[in-house]
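One letter stands for each residue in the lines below.
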Amino acid sequence: MERANLKISVGHLYPKQLNLYGDMGNIITLKKRCEWRSIEFDYKEINLEDVIPACDLYFIGGGQDKEQIDVSKAMYCQKDFLLEQRDEGTVFLGICGGYQLFGHYYQPFEGEKLLGVSLLDAYTVAGKKRFIGNVTAESDFLVPNTLVGFENHSGLTYLQNDTKPLAFVTVGNGNNGNDKSEGARYKNVFGTYLHGSLLPKNPHLADYLISLALEKKYQNRFELKKLNDEIEFSAHNSVVSKAY
Ligand code: GLN
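Since this is a predicted model, take the numbers as computed values, not measurements.

Thresholds, definitions, all that
- Residues numbered from 1 in each chain as written.
- Predicted model: local features only at pLDDT ≥ 70, side-chain atom pairs only at ≥ 80, totals over all residues.
- Heavy atoms only, no water.
- Salt bridge = Lys/Arg side-chain N within 4 Å of Asp/Glu carboxyl O.
- Helix = DSSP H or I, 4+ residues; strand = E, 2+ residues; numbered from the N terminus.
- Buried < 20%, exposed > 50% of the residue type's maximum accessible area, 1.4 Å probe, protein only.
- Contact = heavy atoms within 4.5 Å.
- Pairing = 2+ DSSP bridges.
- Axes fitted to C-alpha atoms, helices over the stretch in contact; angles between N-to-C directions.
- Parallel < 35°, antiparallel > 145°, perpendicular 65-115°, else oblique.
- Left-handed = near helix turned anticlockwise from the far one by under 90°.
- Phe/Tyr/Trp six-rings, centres within 6.5 Å; stacked < 30°, edge-to-face > 60°.
- Near = heavy atom within 4 Å.
- Polar contact = N/O pair within 3.5 Å; in protein donor to acceptor, adjacent residues only side chain to side chain.
- Areas by Shrake-Rupley, 256 points an atom, 1.4 Å probe, with all protein chains shown as cover.
- Expected span 1.5 Å × (residues − 1).

Chemist: Can you walk me through the pattern of salt bridges in this structure?
Modeler: Where side chains of opposite charge bring their charged atoms close, a pairing between them can arise. Tallied over the entire structure, the rule returns 14 salt bridges. Of the charged contacts, one joins Lys7 and Glu40 as a salt bridge, the two residues approaching to 3.9 Å between their closest N and O atoms. Of this pair, Lys7 sits in strand β1 (residues 7-13) while Glu40 sits in strand β2 (residues 40-46), placing them 33 residues apart in sequence. Judged by its relative accessible area of 29%, Lys7 is partly exposed. Here Lys66 and Glu67 are joined by a salt bridge, their closest N and O atoms 3.0 Å apart. Residue Lys66 is classed as exposed on the basis of its relative accessible area of 54%. Within this structure, Arg33, Arg37, Asp207 and Asp229 form a network of salt bridges that share partners.

Next up, the structure:
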């Protein structure tokens, strides 16, 4: 269904602290893929001192343990609001360090446990080994079913109950290097360890998230106009199954 004057509001959570390995590229991709379809993209930067505004989609990037400390404090005191947003169908995408704080907690190697906002029924503990390398993973809801990116984390994430993997790794370590799971999904909350940034090389996931945000906002399903993704999928395919 085509419709004029569509708009989505996108809240970028703590880009000054969590924006590692070009994670801003995810915002740029969402913005461009909306603009190419004349969907207004209302971008809101959300900083540590801000009250988080209601949005249709939230994005949070990755970062080092020390940046996660401040973000954990700023986000945790707004946990109830974020849980309400989740339960209303708002879309969330968290990458790596931001993903870890979408769970119940992240226990770094040293220091205090960082409290998460429990959007995902998951927890993370620091491992002894840092996972660094290219990742290919297979999903069961995307066409093509592959997701590609690269990982750089020591945190080991474990999913529980109704929080399911986003995909399963065929190359790389994913959540914990043990159960082959990569990332997580519960309702419209998505988390992943895939930097890269993720969305420029995975345009099918970008469109999936945009569609969910429109559906939540307008309570209607929209068929997004097809874009020429030749370059995007050429980049995607160049990474598929690339050696770790
Ligand atoms: N500091 C976290 C870890 O090392 C997240 C790293 C990241 O965001 N790339 O696991």
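The discussion continues.
Chemist: I tried to follow the environment of Leu227 on my own but got confused; where do I start?
Modeler: Structurally, Leu227 is set in the loop between α5 (203-218) and α6 (230-239). Placed 20 residues apart in sequence, Leu227 and Asp207 show a C-alpha to C-alpha distance of 10.0 Å. If near-sequence neighbours (up to four positions away) are discounted, Leu227 is found in contact with Arg33, Trp36 and Arg37.

Chemist: Just to check I follow, could you spell out the sheet that holds strand β11 (residues 184-186) for this structure?
Modeler: What links the strands of a sheet is backbone hydrogen bonding, and the strands pair in either a parallel or an antiparallel sense. Strand order in the open sheet made by the six strands is β2-β1-β3-β4-β12-β11, with mixed pairing throughout. The open sheet is flanked by β2 and β11, the only strands paired with a single partner. Ignoring strand direction, the axes of neighbouring strands in this sheet form an average angle of 15°. Where strand β4 (residues 91-95) and strand β12 (residues 189-192) come together, four bridges link them in parallel fashion. Across the sheet, the residue bridging to Gly94 is Gly191, located in β12. Across the sheet, helix α3 (residues 79-87) lies against β3 (57-60), β4, β11 and β12, angled at about 120° from β4, the strand it touches most. Contacts between α5 and the sheet are confined to β1, β3, β4, β11 and β12, with β1 contributing the most and set at about 115° to the helix.

Chemist: Can you help me understand the packing of helix α1 (residues 24-35) against α5 in this one?
Modeler: In a packed pair of helices, the relevant descriptors are the angle between the two axes and the axis-to-axis distance. Where α1 contacts α5, the two axes come as close as 10 Å, and the packing angle between them is 70°. The orientation of α1 relative to α5 falls into the category roughly perpendicular. Relative to α5, α1 is oriented so that their crossing is right-handed. Here Thr29, Leu30, Arg33 and Cys34 of α1 lie close against α5, whose contacting residues are Pro203, Ala206, Asp207 and Ile210.

Chemist: Is there a simple way to explain the packing of aromatic side chains in this structure?
Modeler: A ring pair, where both rings are aromatic, is described by two values, the distance of the centres and the angle of the planes. In total, this model carries 10 aromatic pairs according to the counting rule given. Here Tyr58 and Phe92 contribute two aromatic rings whose centre-to-centre distance is 5.0 Å and whose plane-to-plane angle is 25°, an arrangement assigned as stacked. Taken together, the residues span a long stretch of sequence, with Tyr58 in strand β3 and Phe92 in strand β4 at a distance of 34 residues. Accessibility assignment for this pair places Tyr58 and Phe92 in one class, buried. Judged by centre distance (6.2 Å) and plane angle (85°), the rings of Phe190 and Tyr208 are edge-to-face.

Chemist: Help me out: how do you make sense of the site of the ligand in this one?
Modeler: Lining the immediate environment of the ligand, one finds 17 residues, of which Gly63, Asp65, Gln68, Arg130 and Gly155 sit closest. Interatomic distance of 3.0 Å between a side-chain N/O atom of Gln100 and an oxygen atom of the ligand. A distance of 2.8 Å is found between an oxygen atom of the ligand and a side-chain nitrogen or oxygen belonging to Arg130. When the free accessible area of the ligand is taken as 300 Å², the share hidden by the protein chains comes to 98%. Listed by contribution, the elements that provide at least two residues to the shell around the ligand are α2 (65-76), α4 (97-100) and β8 (146-159).

Chemist: Please explain the pairing of strand β9 (residues 167-171) as it appears in this structure.
Modeler: Each regular strand shows side chains that alternate between the opposite faces of the sheet. When strand β7 (residues 122-138) meets β9, the two strands line up antiparallel, connected through three bridges. Within β9, the position partnered with Thr136 by the bridge is Val171. Here β9 pairs with strand β10 (residues 181-182) via two bridges, running antiparallel. Opposite Phe168, over in β10, you have Ser181 as the bridge partner.

Chemist: Just to check I follow, could you spell out α5 for this structure?
Modeler: Since the α-helix packs 3.6 residues into each turn, any two residues three or four apart lie on the same face. With 16 residues, α5 ought to run about 22 Å at 1.5 Å a step, and its terminal C-alpha atoms sit 22 Å apart, in line with that. Burial within α5 is extensive, with 12 of its 16 residues counted as buried. Along α5, the positions that sit buried rather than exposed are Pro203, His204, Leu205, Ala206, Asp207, Leu209, Ile210, Leu212, Ala213, Leu214, Lys216 and Tyr218. Where α5 ends, the next residue or the one after it, Gln219, has phi of about 50°, a positive value.

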